[in-house]
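Secondary and tertiary structure notes
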Amino acid sequence: MVMVRLMVVVVEDAEIEVLEDTFKDLAKRSEGNTMDKQTFLRVFDLPGMLGERLFATFDIEKNGVINFAEFVSGLGLFTRGDAEQKIRFIFKMYDLTGDGKVSRTELETMLNSVVFAASVILENAQMPVNTPHARKFTNQRRKEIKDKVSALVKEAFESKNTKISDGKMSLEDFTAWIKRHPEVLEVIDTAFSGEASETTRQ
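These numbers were taken from a predicted model, which means no experiment stands behind them. Each residue is numbered by its place in its chain's sequence as written, counting from 1. With the structure being a predicted model, the display of local features is reserved for residues of pLDDT at least 70 and the display and counting of side-chain atom pairs for 80 or more, all residues being used for whole-chain, interface and lining totals. Each side-chain value is derived from all of the structure's non-hydrogen atoms; neither hydrogens nor water enter the calculation.

**Regarding the overall build of the protein**
Secondary structure elements follow DSSP: runs of H or I no shorter than four residues count as helices, runs of E no shorter than two count as strands, and numbering proceeds from the N terminus. When helices and strands are counted, the protein shows nine helices and six strands. The classification of residues rests on relative accessible area computed with a 1.4 Å probe and restricted to protein chains. Under 20% of the type maximum is buried, over 50% is exposed, and intermediate values are partly exposed. Counting across all 202 residues of the protein, residues that qualify as buried make up 43%. Any two residues whose heavy atoms approach within 4.5 Å at even a single point are treated as in contact. In the protein, the proportion of contacts linking residues at least 24 apart, taken out of those at least 6 apart, comes to 62%. When the accessible surface of the protein is split by element, carbon and sulfur atoms take 52% of a total near 10900 Å². To be clear on the numbers: accessible area is Shrake-Rupley with a 1.4 Å probe, and residue cover counts the displayed protein chains and nothing else.

What follows is the structure in structure tokens.
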């Protein structure tokens, strides 16, 4: 049995063959045996900075390209990873400076990006975005998103439930916050899982 294990995500033989074919095709577009950032961002066509952060989190070896094991690990987390694995992965995405913690600014920046991306995905599935009604609805949603994100960030750092002492969230703090707000994980799933599933069909 062939297994690829990275961040405790296991993928077995039947899926490996499909993923190998997919990755080989993507690597050819990158002119090598790995996937470069340009190809990755075309495949994972996410708005704003999300694609960049997703690439940085997939790139475990931090060498500027994605190898096959990293590709399988990243996809596996959003198709079969458990809550703890997803939270750890998301924490790394939100840690923009790479210092092992998430600041208030980082949390607000990434939440706005993720929630807006999920909203766009859902809205586009429901109505043509080039209609006046859709544009009005989108503008309304922008304000709702901003207000919701501000409330979530405030709760994360100012609530009596928080134990943050230095103005930044550790992984433990972040996990506790996500558990208080499981809807955040659901929104992130909406934003990323569709992209991950679509990739294996390209």
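**Brief notes about the layout of surface pockets**
Each pocket or cavity is described by its volume, and for the second largest pocket that value is around 160 Å³. Every residue along the wall of the second largest pocket is listed here: Ala-156, Asn-161, Thr-162, Lys-163, Ile-164, Met-169, Glu-172, Asp-173, Ala-176, Trp-177 and Arg-180. Ranked by the residues each element gives to the lining of the second largest pocket, the list is headed by helix α8 (residues 171-180), at five residues. All residues other than Ala, Val, Leu, Ile, Met, Phe, Trp, Tyr, Cys, Pro, Asp, Glu, Lys and Arg, Gly among them, are scored as polar; the first ten of these are nonpolar and the last four charged. Partitioned by chemical class, the residues of the lining of the second largest pocket number five nonpolar, two polar and four charged. Whether a set of points on the 1 Å grid over the protein atoms alone is a cavity depends on a 1.4 Å probe fitting there but being unable to get out, while an open set qualifies as a pocket with protein on both sides within 12 Å along at least five of seven lines; lining residues are those with an atom within 4 Å of a point. Grid points are joined across faces, edges and corners, and a volume is the space filled by probe spheres set on the points.

**Concerning the nonpolar core**
Remark: nonpolar core denotes a set of buried residues (Ala, Val, Leu, Ile, Met, Phe, Trp, Tyr, Cys) joined through side-chain atoms within 4.5 Å. In this structure, Tyr-94, Leu-107, Leu-111, Met-169, Phe-174 and Trp-177 are the most contacted members of the largest nonpolar core, which totals 45 residues. When sequence neighbours within four positions are dropped, the list of residues in contact with Trp-177 reads Leu-107, Leu-111, Leu-152, Glu-155, Ala-156, Met-169 and Val-184.

**Focus on the environment of Lys-154**
Along the chain, Lys-154 falls in helix α7 (residues 132-158). Lys-154 sits in the partly exposed class, given a relative accessible area of 47%. Expressed as a C-alpha distance, the spacing of Lys-154 and Glu-108, which sit 46 residues apart in the sequence, is 9.4 Å.

**Some remarks on the packing of helix α4 (residues 68-79) against helix α5 (residues 83-94)**
Under this scheme, a helix contributes an axis fitted over its contacting stretch, all axes are lines through C-alpha atoms, and angles between N-to-C directions fall in the 0 to 180 degree range. Closest axis-to-axis distance for the α4/α5 pair is 9 Å, and the angle between their directions is 125°. Judged by the angle between their axes, α4 and α5 are oblique. For the pair α4 and α5, the crossing hand works out as left-handed. On α5, the residues that touch Gly-74, Leu-77 and Phe-78 of α4 are Gln-85, Lys-86, Phe-89 and Ile-90. Per-class residue counts for the contact of α4 with α5 are four nonpolar, two polar and one charged. Any angle from 65 to 115 degrees is called roughly perpendicular, while one under 35 is roughly parallel, one over 145 is roughly antiparallel, and all others are oblique. Left-handed is the label given to a crossing in which the near helix is rotated counterclockwise from the far helix by less than a right angle, and right-handed is the label when the rotation is clockwise.

**Things to note about the pattern of salt bridges**
Think of a salt bridge as a Lys or Arg side-chain nitrogen and an Asp or Glu carboxyl oxygen that are within 4 Å of each other. Within this structure, the stated rule accounts for eight salt bridges. Between Lys-37 and Glu-52 there is a salt bridge whose closest N-O contact spans 3.1 Å. Taken together, the residues Lys-37 in helix α2 (residues 37-43) and Glu-52 in helix α3 (residues 50-58) connect sequence positions 15 residues apart. A salt bridge links Lys-143 to Asp-147, with the shortest nitrogen-to-oxygen separation between them at 2.9 Å.

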